[in-house]
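The lines below spell out each chain.
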Amino acid sequence: KLRKISASKTSKTLTRICNFSEFLAVQKCKNLVELEKRCKMSIWSQKSALMQPRTDRLKLVSCLLSEKDSVDAMAATLKGADSLLIAVGFVPGNPFKMGEAAHAVDNVGTVALVDAAKAAGVRKVVLITSILTDAGAWGQLDSAGYKVTNAFGNVLEEKLVAEKYLRKSGLDYTIVRPGGLKADPPTGALYVAPENSLNAGEVSRDLVADVAVAAVFDAKAKNKVVEIVESDKDGNAKNGVFNGLKM
């Protein structure tokens, strides 16, 4: 029941956490070395115009997270980090235990990470969830997208609990809700929408990773919930949140 987590740091002590068995932040990463290179490129592109970070200090730290880990233990792992990216999610398996698994990872596990970040003095938390996480707030409970996704252990309901917890934590946060994840590189422009406005669409995992890193550095993303997909038309990222993010 252990879930592998990886964290990466720069001189700005950006910490990136991904559950590799469910959400591979960069689809083409075959190992941790490739992820390190990808993180380095993403961070460089965000900061190079203002300041060149010490990308030579980018490192990956592996650890194991299980339901037995205390918040104090996770906080010790996060100590010294400036920012945390949370992209954990349960892996559908036994159909009779999906609800239990979704609750443990997307709800309880994420809440524990938020508590650990706060205890460790982390400044910024970026949480990746999904479009339609708060479907009930805008009359989308009967939408096809919500029904199909939530059928897996009521996962969207569990993610919503974690989102609300983060929003009340007092931490600087950004919640990124991507559309359906696809393995291929981006074929469309980045389209950023406010919360509870997208009920369909797809987005490359590569693009989600770039947006997650951008959210750490873009002050306009502070305490915001954004939804992202790829557009077959021109994107709007240059004029909104993530200003300057070039895809």
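What you see is a predicted model, and the numbers here were worked out from it, not measured in a lab. (Residues numbered from 1 in each chain as written. Predicted model: local features only at pLDDT ≥ 70, side-chain atom pairs only at ≥ 80, totals over all residues. Heavy atoms only, no water.)

## Points about helix α5 (residues 155-167)
- For α5, with 13 residues, the first-to-last C-alpha span of 19 Å sits near the 18 Å given by 1.5 Å per residue.
- Tucked into the core, α5 has its buried residues touching α3 (98-120), β5 (124-128), α4 (144-150) and β6 (172-178). (Helix = DSSP H or I, 4+ residues; strand = E, 2+ residues; numbered from the N terminus. Expected span 1.5 Å × (residues − 1). Contact = heavy atoms within 4.5 Å.)

## Considerations on the packing of helix α2 (residues 71-78) against α3
- Axis separation between α2 and α3 bottoms out at 8 Å; the angle between their running directions is 55°. Between α2 and α3, the interaxial angle falls into the category oblique. Note on packing geometry: the crossing formed by α2 with α3 is right-handed. On α3, the residues touching Val71, Met74, Ala75 and Leu78 of α2 are Ala112, Leu113, Asp115, Ala116, Ala117, Ala119 and Ala120.
- In terms of residue class, the contact of α2 with α3 is made up of 10 nonpolar, no polar and one charged. (Axes fitted to C-alpha atoms, helices over the stretch in contact; angles between N-to-C directions. Parallel < 35°, antiparallel > 145°, perpendicular 65-115°, else oblique. Left-handed = near helix turned anticlockwise from the far one by under 90°. Nonpolar A, V, L, I, M, F, W, Y, C, P; charged D, E, K, R; others polar.)

## A short note on the environment of Ala193
- Relative to the helices and strands, Ala193 resides in strand β8 (residues 189-194).
- Sequence-distant contacts of Ala193, defined by excluding residues within four places in its chain, comprise Leu198, Val225, Val226 and Glu227.

## Some words on the pattern of salt bridges
- Under the defined criterion, the tally for this structure stands at nine salt bridges.
- For Arg123, the salt bridge is made with Asp82, and the minimal N-O distance between the two is 2.8 Å. In this pair, Arg123 sits in the loop between α3 and β5 while Asp82 sits in the loop between α2 and β4 (83-87), placing the two residues 41 residues apart along the sequence.
- Across the salt bridge formed by Glu163 and Arg177, the nearest N and O atoms sit 2.6 Å from each other. Taken together, the positions of Glu163 in helix α5 and Arg177 in strand β6 put the pair 14 residues apart, joining distant regions of the chain.
- The class for Glu163 is buried, based on a relative accessible area of 1%.
- A single salt-bridge network, built from bridges that share partners, covers Asp82, Arg123, Lys124 and Asp172. (Salt bridge = Lys/Arg side-chain N within 4 Å of Asp/Glu carboxyl O. Buried < 20%, exposed > 50% of the residue type's maximum accessible area, 1.4 Å probe, protein only.)

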